[in-house]
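# A closer look at the structure
The lines below spell out each chain.
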Amino acid sequence: MKHMFSTRLCAALVLAAGLAAGVPAFSAAQDAAETVERIEDYLGSLRTIESDFIQSSSNGDFARGRLYVERPDSMRLDYQPPSTLQIYVNGSWLIYIDTELEEVTHVPLSRTPAAFLVGDKVSLSDEVQVAGIGMDAETIRVELVRSEDPEAGSVILTFGRNPLVLRNWVVIDPKGVRTRVALVRPSFNRSIDRSVFDFDPDRYIRPQTDQ
């Protein structure tokens, strides 16, 4: 269960932070620095994201759902059945819900990869750092690791190149399991009803009764 929690949590979120193969380095350091700055500016400009998503893992898991992000400090991931998962970011906490087990787990947001995505300011040189960057004619790929624990895993963000737009990310956990989350028909910087982010534990946990 602990491994399942870790894998699913990192996959749904966007940023877990090992170096993963497949992200070639730029030959020119200046080009790389300019690209990272461009990506920081782009991510920093995203105040909201709303999108369907498709999630697939190298261990055979597959899921669909809908993602909502409003910066700062609000996120929700709704997984479609048969998945029993729901994830919220609410202020300084990430809330992980398993509706089948009726379990709610609170994790400090600062300890999760979601922290930089929903923070008020996006930095790729603070709590996370760039471990690799590469591009082809259509895409730019950036690999990120946690600054304090680069061996804990990584995430590769993929952007469309012209125009720059977030397309998907791949999370690699410490055991090498790769989970890809692809955005489907995303909307950026559109208003999201604040009630979407309201977390009510009673929606997921049945009241306990005396036996």
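Residues numbered from 1 in each chain as written. Predicted model: local features only at pLDDT ≥ 70, side-chain atom pairs only at ≥ 80, totals over all residues. Heavy atoms only, no water.

### Section: the packing of aromatic side chains
For the coordinates displayed, the defined rule picks out three aromatic pairs. Here the aromatic rings of tyrosine 42 and phenylalanine 159 are separated by 6.0 Å at their centres, their planes lie at 85°, and the arrangement is edge-to-face. Placement of tyrosine 42 in helix H2 (residues 29-45) and of phenylalanine 159 in strand E9 (residues 154-160) is noted, with a sequence separation of 117 residues between them. Accessibility classification places tyrosine 42 together with phenylalanine 159 in one group, the buried group. Here the aromatic rings of phenylalanine 53 and tyrosine 79 are separated by 5.3 Å at their centres, their planes lie at 80°, and the arrangement is edge-to-face. Taken together, the positions of phenylalanine 53 in strand E1 (residues 48-57) and tyrosine 79 in strand E3 (residues 74-79) put the pair 26 residues apart, joining distant regions of the chain. (Phe/Tyr/Trp six-rings, centres within 6.5 Å; stacked < 30°, edge-to-face > 60°. Helix = DSSP H or I, 4+ residues; strand = E, 2+ residues; numbered from the N terminus. Buried < 20%, exposed > 50% of the residue type's maximum accessible area, 1.4 Å probe, protein only.)

### With respect to the pattern of salt bridges
Scanning the entire structure with this criterion turns up seven salt bridges. Ionic pairing is found between arginine 66 and glutamate 50, a salt bridge with its closest N-O pair at 3.1 Å. Remark: glutamate 50 occurs in strand E1 and arginine 66 occurs in strand E2 (residues 62-70); sequence separation between them is 16 residues. We classify arginine 66 as partly exposed; its relative accessible area is 24%. When the shortest N-O distance is used, the salt bridge between aspartate 52 and arginine 66 registers 2.6 Å. A residue pair is termed long-range when its members are at least 10 positions apart, and aspartate 52 in strand E1 and arginine 66 in strand E2 qualify at 14 residues. (Salt bridge = Lys/Arg side-chain N within 4 Å of Asp/Glu carboxyl O.)

### As for the confidence of the model for the protein
With 80% of its residues at a pLDDT of 70 or more, the protein shows a mean pLDDT of 80. Under a pLDDT of 50 for its full length, residues 207-211 has, in the predicted model, zero contacts with residues more than four places off or in other chains. (pLDDT = per-residue confidence, 0-100. Contact = heavy atoms within 4.5 Å.)

### As for the nonpolar core
Formed by 39 residues in total, the largest nonpolar core has its most connected members in Ile39, Leu43, Leu67, Met75, Phe159 and Trp169. Ranked by the residues each element gives to this core, the list is headed by H2, at five residues. (Core = buried A, V, L, I, M, F, W, Y, C linked by side-chain atoms within 4.5 Å.)

### Some thoughts on the environment of threonine 35
For threonine 35, the location among the structural elements is in helix H2. Threonine 35 gets classed as buried once you look at its relative accessible area, which sits at 12%. When the C-alpha positions of threonine 35 and isoleucine 133 are compared, they lie 8.8 Å apart, and in sequence the two are 98 residues distant.

### Regarding the pairing of E3
Both faces of the sheet carry side chains from a regular strand, because those side chains alternate between them. Of all six residues in E3, six are buried; the element is thus mostly enclosed. Because side chains alternate across E3, one face comprises the buried residues Ser74, Arg76 and Asp78, and the other comprises Met75, Leu77 and Tyr79, equally buried. Examined bridge by bridge, E2 and E3 share six bridges and lie antiparallel to one another. Its bridge partner being in E3, glutamate 70 is matched across the sheet by serine 74. In textbook terms, the turn of a hairpin is the stretch between consecutive antiparallel strands, and for E2 and E3 this stretch comprises three residues, one of which, aspartate 73, has a positive phi near 70°. The loop that links E3 with its antiparallel partner strand E4 (residues 85-90) comprises five residues. (Pairing = 2+ DSSP bridges.)

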